[in-house]
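This is what each chain is made of:
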Amino acid sequence: VLLLAWYATSTASAFVTRSSTANLAAVRRHSNNENPSTANLAAARRHCNNENPPQQQRNRQTIRTTATQLGMGKRMKFQAPSRMVAQTEYIRLETDDEAWKLMDIVDILQGGGVGVIPTDTGYALITPLLEGNKRGLERLEYTSRQFQQEQANGESSSKKSDDGTICLACSDLKTIGEYCYNIDKNAFKILKQNLPGPFSFILLGSRTLLPKSILEGNKQVMTVQVRVPDDPILRYLQDELLDGMPLLMSDLRFHVHDGSSNFDDKEAAPLVKCYVDQTESWCNQVDFIVDAGGRSQVPSTLYDLTRRGEPVLVTTAGVGELLPL
């Protein structure tokens, strides 16, 4: 596109230069009482009247037409990034022992794909944390927004919790240490005793290794939410099939219409089941869906470990409770 626009502009500029030179020559001949031709006299008049020759006008019209066709000079409408696969791959798991079926999505994730996976807090969108996987992150963010909009259109009595937040899902403490820093001894003990589990921990994140869109804070201090979900299907996928590859994750909070959902009630929350309906339009944006049936839809408990001393409880809606040190 840029080469075509440059070529058209260069051609028109060269023609304008030649036309201007010819016009000036015609004016000089006319001023010196030389024998000008009819074409030269017409060129002299156009030069004096700041008119453009017909061919020059046609060239400029061609440039404007080409720029319009190429989408230059106007704001383009945002389009959702397309899938990596021709059709969304749907994998149904009757039991956790069928996690071996996830071998079919390994290549998709290693290529930067986006999909839906069960977790210990329901279902979530995931994409791998790979260098240069900007497209995967954009697709995850777009699909998460579309999911929230579709859920908001229906009636629900459930309370949403941290919709759209993207966290870093790691396989072990070593991976957490690669992307987070300044983890003191007390914070390390808390992580070791409670992970894997239904917890999210706020830690200082690396600005050079993590995408800016998942970091929060100012230029001096940036934080990220970190998880190690305790779900057998996700653990098998991340630990065994992906060799511990870190993932970017955004929980899917399905609205419940039976009035039984209350995220502030830790005893009632595990009774709420969520299901993936592959007929919903947002499902067409992902590369794969791993459907493991009804999952307890309960948010993870969020703690802040960036402050020295005891962990700070950020949300009370989660089901997890920290083990004593």
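Rules of the game
Residues numbered from 1 in each chain as written. Predicted model: local features only at pLDDT ≥ 70, side-chain atom pairs only at ≥ 80, totals over all residues. Heavy atoms only, no water. Helix = DSSP H or I, 4+ residues; strand = E, 2+ residues; numbered from the N terminus. Buried < 20%, exposed > 50% of the residue type's maximum accessible area, 1.4 Å probe, protein only. Contact = heavy atoms within 4.5 Å. Areas by Shrake-Rupley, 256 points an atom, 1.4 Å probe, with all protein chains shown as cover. Pairing = 2+ DSSP bridges. Salt bridge = Lys/Arg side-chain N within 4 Å of Asp/Glu carboxyl O. Polar contact = N/O pair within 3.5 Å; in protein donor to acceptor, adjacent residues only side chain to side chain.

Draft legend 1. Structural view of the overall build of the protein. In terms of regular secondary structure, the protein is built from 8 helices and 14 strands. The 325 residues of the protein split such that 44% are buried. Contacts in the protein between residues far apart in sequence, at least 24 positions, make up 70% of those at least 6 positions apart. Entry remark: accessible area of the protein is about 17900 Å², with carbon and sulfur atoms responsible for 50%.

Draft legend 2. Just the pairing of strand β3 (residues 122-128), in detail. Buried residues dominate β3, accounting for 7 of its 7 residues. As defined by bridge partners, strand β2 (residues 115-119) adjoins β3 across 5 bridges and the pair is classed as antiparallel. From the neighbouring strand, Ile117 faces β3, where its bridge partner is Ala124. The hairpin turn running from β2 into β3, its antiparallel successor, is 2 residues long. In terms of strand pairing, β3 meets strand β9 (residues 247-252) through 6 bridges, oriented antiparallel. Bridged to Thr127 within β9 is Leu248.

Draft legend 3. Focus on the pattern of salt bridges. Tallied over the entire structure, the rule returns 11 salt bridges. Note that Arg253 and Asp251 form a salt bridge whose closest N and O atoms lie 3.2 Å from each other. Both residues of the pair, Arg253 and Asp251, belong to the buried class. A salt bridge links Asp304 to Arg307, with the shortest nitrogen-to-oxygen separation between them at 3.8 Å. Taking the relative accessible area as the measure of exposure, Asp304 reaches 10% and is therefore buried. Shared partners join several salt bridges into a network, and the residues in it are Arg92, Glu94 and Asp291.

Draft legend 4. View of helix α8 (residues 232-241). Looking at α8, one finds that the buried residues are Ile233, Leu234, Arg235, Leu237, Gln238 and Leu241. Where the residues of α8 are buried, they touch α4 (106-110), β2, β3, β4 (166-169), β9 and β12 (295-296). A distance of 3.0 Å separates the backbone nitrogen of Ile233 from a side-chain oxygen at the start of α8, and that oxygen is part of Asp231. In the stretch just after α8, Asp243 is the one whose phi turns positive, near 55°.

Draft legend 5. Molecular detail of unusual backbone geometry. Cis geometry marks the peptide bond from Leu195 to Pro196, where omega comes out at 0°. With respect to the helices and strands, Pro196 occurs in the loop between α7 (185-194) and β6 (199-205). One non-glycine residue, Asn182, lies in the positive phi region at around 55°. Structurally, the position occupied by Asn182 is in the loop between β5 (180-181) and α7. The exposed category is assigned to Asn182, whose relative accessible area is 55%. Residues other than glycine seldom take positive phi values, yet Asp243 does so here, at roughly 55°. Looking at the element boundaries, Asp243 is found in the loop between α8 and β9.

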